[in-house]
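Coordinates in review
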Amino acid sequence: MRTSSLLIAAAALLIGAPTTWSQTASGKASSAQVQKPFEIGKPVDARIALPGLDGKTHRLADLRGKVVVIDFWSINCPVSQRYEDKLKKLVAKYPAKDVVFLAIASNRTEIDTAAEDPYHQIRKYVKKQGVTMNVLVDAGNVVADRFEAQTTPHVFILDQKLNLAYEGSVDNDQRGQLGDEAIDFVGDAIEALLAGKPVEHKKTRPFGCSIKRIKKTNG
Amino acid sequence: MHPLSKGARRGLLAGLLIATATGCGNQPERRPETGPAREYPAAIEIETLDGEATAARLAERPAPTTIVNLWATWCPPCVAELPDFERAGRLLAARGVDVLTLSMDVSLPSGEPVDADGVRRFLTDRQLVLPVWLYDGDLNDLADRLSWGGALPYTAILDQSGRVLAGHQGAMDLDGFLALHEEALTKKR
């Protein structure tokens, strides 16, 4: 499928903004290239856009008015996989007009650039697991870098005005043994935002597999 | 006074001033601080430690520097780097470095929980000899203690009091582990 490889090439361009290499560079990059990290309570870059497995381009700017749950996600990381069921339930719970779920695949190891369909592994996993989130592909981990995403899973939630409202782990029950005592960070944040209330836990630590980034030649 | 020696003196003084101005890091001759050679474990060593025991033992290390690797049996890049970590560990132990791994299989499990026997079998199957603490405590505590961002694998170099001198999130090879230790030595005073 020719279009898929074109989508990969287009992915970085669609961002419509300078690259984010400065994050790891010496800090002496020209000011035009320096991009500030997103902060809780502040808007993220609405120009961010990524191709989806559905063949469409998904732009944050088009999602204004909805709560946007972004999950940096992996088809290989067992921690990410362990949360699939929970996320599936959340997707089913809220109408798409209110809450949008974006699973972003940023691991270079999960995009097969040599294949006719570079996303064939991701498609296979999505089908097998019955993933109901919108799956977007972040070739070159450009968007993972913009969000400074560290792990899979690493969740970022945007409010209806695209302000960053939450970042961190899905819940605090990494061992799966807290039961009713567990704090459902993502579910609670969605509920608060839909009710127009402040999010209680705004930032928690993500845990999981490191995102396998591309090697950058210049810092 | 001989003019040459005066000039040489001035040069020395200037050098001292530069050294002072740039802090005490300007000592290229300084030998890396390591201790007497340590014995690398002859066989797999596994202990299960809760958060409190881990904290206590991380705060009092038996060597000037400790290299610690965080991994899990379910983490492929962690497993892929373990042979190189073992190689680096053997080289560093000879230079007096304490070598340690912390398995996250209990505190960050995936699917079927893996216990001490499971980790032992896992390492035996791969012919890996490593000292392992099976971490059975709070992940946030450990993350704070080790300046760990939460992603596996993670490697840190600690000083004798458990302070993190250098850390790296993501997989490394032999050279990477050795370089990380060198980086830590430059920070250690």
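Data block above holds the structure.
Everything in this summary refers to the structure shown in the same document. Everything quoted here is computed from the prediction, not taken from an experiment. (Residues numbered from 1 in each chain as written. Chains lettered and ligands numbered in written order. Predicted model: local features only at pLDDT ≥ 70, side-chain atom pairs only at ≥ 80, totals over all residues.)

1. Details of the overall build of chain B
Regarding its fold elements, chain B presents 6 helices and 7 strands. N-terminal to C-terminal, the α/β element order of chain B is α-β-α-β-α-β-α-β-α-β-β-β-α. A total of 189 residues make up chain B; the buried ones form 34% of that total. (Helix = DSSP H or I, 4+ residues; strand = E, 2+ residues; numbered from the N terminus. Buried ≥ 20, exposed ≤ 12 C-beta atoms within 10 Å, placed from the backbone.)

2. What to know about the interface of chain B and chain A
The interface is formed by 16 residues belonging to chain B together with 13 residues belonging to chain A. Broken down by element, the side of chain B that touches chain A gets its largest block of residues, 3 residues, from helix α5 (residues 139-145) of chain B. Partitioned by chemical class, the residues of the side of chain B that touches chain A number 8 nonpolar, 8 polar and no charged. In the sheet, strand β9 (residues 208-210) of chain A pairs with strand β5 (residues 151-152) of chain B via 2 bridges, with the strands oriented parallel. Each residue of the ladder has a partner; that of Cys 209 of chain A, found in β5 of chain B, is Leu 152 of chain B. (Contact = placed C-beta atoms within 7 Å. Nonpolar A, V, L, I, M, F, W, Y, C, P; charged D, E, K, R; others polar. Pairing = 2+ DSSP bridges.)

3. Remarks on the environment of Ile 157 of chain A
Relative to the assigned elements, Ile 157 of chain A resides in strand β7 (residues 154-158). The residues touching Ile 157 of chain A, leaving out its near neighbours within four places in the chain, are Val 67, Val 68, Val 69, Ala 165, Tyr 166, Val 186, Ala 189 and Ile 190 of chain A.

4. Digging into the sheet that holds strand β2 (residues 65-71) of chain B
Residues and elements named next belong to chain B. Reading across from one edge, β1-β4-β3-β2-β6-β7 is the order of the 6 strands in this open sheet, with mixed pairing throughout. The open sheet has two edge strands with one neighbour each: β1 (45-50) and β7 (164-169). Mean inter-strand twist for the sheet, computed between neighbouring axes without regard to direction, equals 20°. Packing of helix α3 (residues 76-94) onto the sheet brings it into contact with β2 and β3 (98-103), and relative to β2 it is tilted by some 170°. Of the strands in this sheet, β2, β6 (154-159) and β7 are in contact with helix α6 (residues 174-187), which crosses β7 at around 150°. (Axes fitted to C-alpha atoms, helices over the stretch in contact; angles between N-to-C directions.)

5. Notes on helix α4 (residues 116-125) of chain B
Since one α-helical turn is 3.6 residues long, residues separated by three or four positions face the same way. All names here are of chain B. For α4, the set of buried residues is Val 119, Phe 122 and Leu 123. In an axial view of α4, the angular spread of the buried residues amounts to 90°, which keeps them on one side of the axis. Relative to its buried face, α4 has exposed residues pointing more than 90 degrees away, namely Asp 117, Thr 124 and Asp 125. Considering only its buried residues, α4 is in contact with β1, β3 and β4 (131-136). A positive phi of about 55° marks Gln 127, the residue just after α4. (Arc of directions from axis to C-beta.)

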